Amino acid sequence: MTSDRLARLASLLKLMRQRSGLTQEQLAAESGVSESTIRRLESGRAPNPTLLSLEKLQEALAAGPEDRRELAELLASGRGVQAFPDGAAGEPGGADGAGRADGAGRADEPGEPHPGRLRSPAAPSGVLVRDEVLSAARDVALEIRRRWRLEEERRRVHDPFPLPVRWRRTDPALSDHEANVERLPPGAAAPDPADLGGDLPTVADFYRRRHSGRLVVLGRAGSGKSVLTIRFVQDFLETRTALDRVPVIFSIGSWDPTARTLRAWMTERLVRDHPHLAVRVAGTSLAGALIEADLVLPVLDGFDEMAEGLRGRALERLNEFSSPLLLTSRREEFAEAVDAAGTPLVWATVIELADLTVDDVAAYLPRTARRNGGQDGHGRGVWDAVTERLRERSEVGEGNGDGDSAEPLTGALRTPLMTTLARTLYSERTGADPAELLDAETFPDESSIEEHLLAGFVPAVYRRRTPEPEPARDWDPDRAEQWLGYLAHHLAHPDRERQDLAWWEIGDFLPRRQRVWSVALTATLCAALSTWVIGLLIGRLPAWRTLVEGALMGPAAGLAFAAVYGVMIARGGGTFEPTHVRLRLRPRLPGGGRGPDPARGAAARGPGVRAPARAPLRLFTARFGAVMAGGFVMGVGCACALAVERELAYGAVVLNLAVLEGVAVNMLVFGLIFGAGTGLVFGLLAAFEAPLDVASAADPISLLAANRATVRRQLVALVPLLALSVAFGGGLIVALLDGFLGDLNWEAWDGLYVGAVVGLGGGLSYALSFTAWGRWVVRARLWLPTTGKLPWDTAAFLDDAYRRGVLRQAGAVYQFRHVRLQHHLGRTYRRRQAQRSQRWASVGTGRGPTESPRSSPSSRRTGR
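Keep in mind the model is a prediction, meaning the values are calculated, not measured.

Here is what the cut-offs are and how they apply
The residue numbers shown here count from 1 along each chain, following its written sequence. Selection of residues for local features in this predicted model requires a pLDDT of at least 70, selection of side-chain atom pairs for listing and counting requires 80 or more, and totals for whole chains, interfaces and linings are taken over all residues. For the side-chain quantities, the full set of heavy atoms in the structure was used; hydrogens and water were omitted. Relative accessibility decides the category of a residue: with a 1.4 Å probe and only protein chains considered, values under 20% of the type maximum give buried, values over 50% give exposed, and everything between is partly exposed. Strands are runs of DSSP state E lasting at least two residues, helices are runs of H or I lasting at least four, and both sets are numbered from the N terminus onward. Directions from the helix axis toward the C-beta atoms define the arc. The residues that make up patches have over 30% relative accessible area and no salt bridge, and they are joined within 9 Å when like-charged or within 5 Å when they are Val, Leu, Ile, Met, Phe, Trp or Tyr. Note on areas: these come from Shrake-Rupley sampling with a 1.4 Å probe, and a residue is covered only by the protein chains present in the view. Within this document, salt bridges are pairs made up of a side-chain nitrogen of Lys or Arg and a carboxyl oxygen of Asp or Glu, the two lying within 4 Å of each other. Note on pairing: two strands pair once DSSP finds at least 2 bridges between them. Lines fitted to the C-alpha atoms define the axes, with helices restricted to the stretch that makes contact. Angles between their N-to-C directions range from 0 to 180 degrees. For Phe, Tyr and Trp, where Trp contributes only its six-membered ring, two rings pair if their centres lie within 6.5 Å, and the inter-plane angle classes them as stacked under 30 degrees, edge-to-face over 60, or tilted in between.

1. Some points on helix α2 (residues 24-31)
Reasoning step 1: Of the residues making up α2, those classed as buried are Gln24, Leu27, Ala28 and Ser31. End-on view of α2: buried residues confined to an arc of 105°, all on one side of the axis. Exposed residues pointing more than 90 degrees away from the buried face of α2 are listed as Glu25, Ala29 and Glu30.
Reasoning step 2: Immediately downstream of α2, the backbone of Gly32 shows phi near 85°, a positive value.

2. Quick notes on a nonpolar patch on the surface
Reasoning step 1: Among the surface-exposed residues, Val533, Leu537, Ile538, Leu724, Phe728, Trp749 and Leu752 lie close enough to one another that they form a single nonpolar patch of about 680 Å² accessible area.
Reasoning step 2: Only α20 (512-538), α25 (700-737) and α26 (748-769) provide two or more residues apiece to the nonpolar patch.
Reasoning step 3: For the nonpolar patch, the leading source of residues is α20, giving three residues.
Reasoning step 4: Mapping Leu752 onto the fold places it in helix α26.

3. Section: the sheet that holds strand β4 (residues 246-251)
Reasoning step 1: Spatially, β2-β1-β9-β3-β8-β7-β4 is the arrangement adopted by the seven strands of the open sheet, whose pairing is mixed. Two strands lie at the open edges of the sheet, namely β2 (197-199) and β4, each paired on one side alone. Averaged over all neighbouring strand pairs, the angle between strand axes comes to 20°, with direction disregarded.
Reasoning step 2: Across three bridges, strand β1 (residues 166-169) lies against β2 in antiparallel orientation. Bridge pairing in β2 links Arg168 to Gly197.

4. Topic: the pairing of strand β3 (residues 214-218)
Reasoning step 1: Judged by how many residues are buried, β3 sits mostly within the fold: five of five residues are covered.
Reasoning step 2: Along β3, one buried face is formed by Arg214, Val216 and Leu218 and the opposite face, lined by Leu215 and Val217, is buried too.
Reasoning step 3: The pairing of β3 with strand β9 (residues 349-353) spans four bridges and is parallel. The residue of β9 that forms the bridge with Val216 is Val350.

5. Some words on the pattern of salt bridges
Reasoning step 1: Counting across every chain of the model gives 34 salt bridges.
Reasoning step 2: Between Arg775 and Asp508 there is a salt bridge, with the nearest N and O atoms lying 3.0 Å from each other. Of this pair, Arg775 sits in helix α27 (residues 772-786) while Asp508 sits in the loop between α19 (477-491) and α20, and the two are 267 residues apart along the sequence. Across this residue pair, the class does not change: Arg775 and Asp508 are buried.
Reasoning step 3: Between Asp508 and Arg779 there is a salt bridge whose closest N-O contact spans 3.5 Å. Of this pair, Asp508 sits in the loop between α19 and α20 while Arg779 sits in helix α27, and the two are 271 residues apart along the sequence.
Reasoning step 4: Residue classification places Asp508 among the buried positions, given a relative accessible area of 18%.
Reasoning step 5: In this structure, a network of salt bridges that share partners links the residues Arg156, Asp159, Arg423 and Glu428.

6. Here's the deal with the packing of aromatic side chains
Reasoning step 1: Overall, the coordinates contain 21 aromatic pairs when judged by the stated rule.
Reasoning step 2: With a centroid separation of 5.2 Å and 80° between ring planes, the pair formed by Trp475 and Phe797 is classed as edge-to-face. Of this pair, Trp475 sits in the loop between α18 (446-461) and α19 while Phe797 sits in helix α28 (residues 794-804), and the two are 322 residues apart along the sequence.
Reasoning step 3: For Trp475, a relative accessible area of 7% puts it in the buried group.

Rendered as structure tokens:
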């Protein structure tokens, strides 16, 4: 038995034992298997384990159905002990062929050694992978499987049946040599490709037979590449074992290969979509550990969505990345990248998705029309005229040697995207007649039909109820299209168009000036209200002075927060991602937290792994330094506001040299007090942070709720801690500087008053200005709805758009159902904005509003 096979078995047994909470000694007593045998099995040093011993261990560990299945696969595939006699079907070297897992013909995994072939690099090894990393891979696999199964249900891929997406091998110039794909040694002749084509359910099996584990899927826009990736992930996970890679879909269009390595970028995306992977283990995050252990199979969707100038560089980076992967792209963009890089994707087979045929469309669309009104009461006959016309034209075209090109509708419906849009517009709407698509005057070519289907999709889905247990909110179709168009428009970027619609980035759609103003106004209101409330409750000043003080402290705090935010924007920041941690009552001590038991010391961490004892100290230092600078600016602003307030109260002359000197001293002292106090508080809070759990990363709404809860807990902790740190820290700093900077005074009551104002006002300002949830509330829930750009309940609108099929979920972010729909909505929004600007310009010149251009035929027909 090879070392790799022993490692797989050892890792599985160790994982099962640790989940059961048994030591090796306890397991030996429970199973009757000697402790030395268990030790050899878990270390991979038992070359010939007996089937009886493994069965006893399985019973003692109370293995669940999935564990039993994985162990059975290991045994049956030859990765453990032999389960078949020599030459029997299913054994390596038997009738089913080398490396098959069962009678179904499963091939060797990419990266496994195979007689007569070179080994692919970076194959996972159970001996070198920590237990918590394997456990994290299992959790991610379960979550991904659940997530994409739900996405298929939302898209109704299987209703009434999946469209027949077929594939075939494409131009050999776009693929690597077959000998390289098969990992053959020098001089070996490459066999003729056995699989020249297939359909959607066979892609995962075809991939598993690629010994390099690298596959490129090409297809035109809307040909079903995204649906293929979803189906591939689920089929791959159906047969995944403990050490198999976990297929994860990444939208590669957001990757900048000139700024980030592929591994670093994938690690960031994993943490974003699975916040619990932010926990540190062995000096890196769990997400980074999964990537480093090669337990992630990247499914890179949308290579064609990258900026044109980056595709060639991206292909070069992918060639440097030697691990298995699956890449999807449109054919033209991938061919251009191959020309730019001078080489195809190394070790990769390239397949291309075929168009739907007339028979495919004619078989699918009539079965989607279930509304009453047909000849048999089930809507049959709605598509009869269309399908008969398509078949007639197809037969005529084939007779003339033109194929399906004679009928524009045939060309428009050759992709699954357009076919499903036609279903939405005509099979699911009362009174809609698809025969209008045959009108040659209204729809003279394919593009006019496609634009009509794209234009009618959003109004159609917003005129019907969503199939949910609870009634959906009725959004006005025109307003909904306008809001979606605003989002689609702002996903466009001069250099690279984005697809990920993240709720925490919606506020960044505002111009820079408005973003700075939003921070300034938020901090102004929070500081002013806090000063008024605290002053009127416990202050010693007259009410009018309290009101004046609040009116001055508010703008001072607003300017200070806006200045800090402006500096962040100037340095390329200003975007706050959701926090990946939550606050807990028990502090995180060095060596504690998730992972190996601290009591086990170095033996638990494994060789070469440094204990994380200094991680909290480093985190505290980083937090303290970053926050202290901002706190110092706040203190300076507070000192200036107090100087102006006292001038108004006592009539002091600010231009007096002595007064200016006192103001300067106050600015320094208040800056040190605020800076040290806020830095200390935020640094200490790091010790009470814990990573989010798996359930909190299920979807964007769950992540939003988790961040809202985290910010609220932070606020509850920040207000009293900031108040106490400023009150007592101020007394300490004044005592240290008294005499050196002159006579300084910091009475206990004044310290508590200032601390309370800073705690409440500063805590609220931070929560609403410098957290992802706070900016979401201020900008996406207040600012943008006030200007009509978005609805008041933006979260509900996005979730409803997802349920209606306009948006899809990709981890923690939304994406438009298809990039063509995103482009159409963005163009429509820009066109309407231009028309509105022209009308206002005409009003300004006194000519009166001009009549807007007449709607297109597609607009009239969809009722817009």
